[in-house]
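Examining the three-dimensional arrangement
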Amino acid sequence: MADHHTVGRQFVDYYYQAFDANRAGLAPLYRDMSMLTFEGQPTTGGKDIVEKLTSLPFRQVRHVVSTCDAQPGSPNGSILVTVTGQLLIDEETQPQFFTQTFHLYPENGSFFVYNDVFRLVLGM
């Protein structure tokens, strides 16, 4: 299996491409035990997480990743990934800055999102 840096970067590239194109397409990345904290609001379970993401109040979004750091998450092979970047939402010209952390958990030779924590970085 590839190292945690490679897996983390490949995951981030896939996740944001899917998020920007069709948020409902993220469903296979989450499980019933998955947890999302989006701007301080917790959501549990893949179905509810995707419902939360698809109900966000914008039509278009584009993520621009500035940094992507990954490290082993635990001895079981999980991976912790932290991302910083910018969001361009709908027709806005001023980006919003964000940080997002994923805990990727191994499953059948691949990974799913066990934890997902998203925050806008305000005041920049």
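Up top is the structure.
I will try to describe carefully the structure that is included in this document. All figures in this text were calculated on a predicted structure; none of them were measured in a lab. (Residues numbered from 1 in each chain as written. Predicted model: local features only at pLDDT ≥ 70, side-chain atom pairs only at ≥ 80, totals over all residues. Heavy atoms only, no water.)

It is worth spelling out the sheet that holds strand β4 (residues 79-89) at this point. One open sheet accounts for six strands, arranged β2-β1-β6-β5-β4-β3; its pairing is mixed. The open sheet has two edge strands with one neighbour each: β2 (41-44) and β3 (61-72). Across the sheet, the mean angle from the axis of one strand to that of its neighbour is 15°, orientation sign disregarded. Note that strand β1 (residues 30-38) and strand β6 (residues 110-121) share five bridges and pair parallel. Across the sheet, residue Y30 finds its bridge partner in β6, namely V113. Seen against the sheet, helix α2 (residues 46-54) touches β1 and β2 and runs at an angle of roughly 40° to β1. (Pairing = 2+ DSSP bridges. Helix = DSSP H or I, 4+ residues; strand = E, 2+ residues; numbered from the N terminus. Axes fitted to C-alpha atoms, helices over the stretch in contact; angles between N-to-C directions. Contact = heavy atoms within 4.5 Å.)

So, on to the pattern of salt bridges. Taken as a whole, this structure holds four salt bridges when the rule is applied. Between R119 and E39 there is a salt bridge whose closest N-O contact spans 4.0 Å. Note that R119 is positioned in strand β6 and E39 in the loop between β1 and β2, a separation of 80 residues in sequence. Here R119 falls in the partly exposed class, since its relative accessible area comes to 42%. A residue is classified by how much of its surface remains accessible, and E39, at 27% relative accessible area, is partly exposed. A salt bridge links E91 to R59; its shortest N-O distance comes to 3.2 Å. Taken as a pair, E91 in the loop between β4 and β5 (96-107) and R59 in the loop between α2 and β3 lie far apart in primary sequence, 32 residues in all. For E91, a relative accessible area of 59% translates into the label exposed. (Salt bridge = Lys/Arg side-chain N within 4 Å of Asp/Glu carboxyl O. Buried < 20%, exposed > 50% of the residue type's maximum accessible area, 1.4 Å probe, protein only.)

Here the focus is the pairing of β1. Here β1 pairs with β2 via four bridges, running antiparallel. Within β2, the residue paired with F38 across the bridge is Q41. Adjacent in sequence and paired antiparallel, β1 and β2 are bridged by two residues, among which E39 carries a positive phi angle near 55°.

As judged from the 11 bridges shared by β3 and β4, these two strands associate in the antiparallel manner. By the bridge assignment, C68 is partnered in β4 with V83. Where β3 hands over to β4, the hairpin turn is made up of six residues, of which G77 adopts a positive phi near 100°.

These figures capture arrangement, not role.
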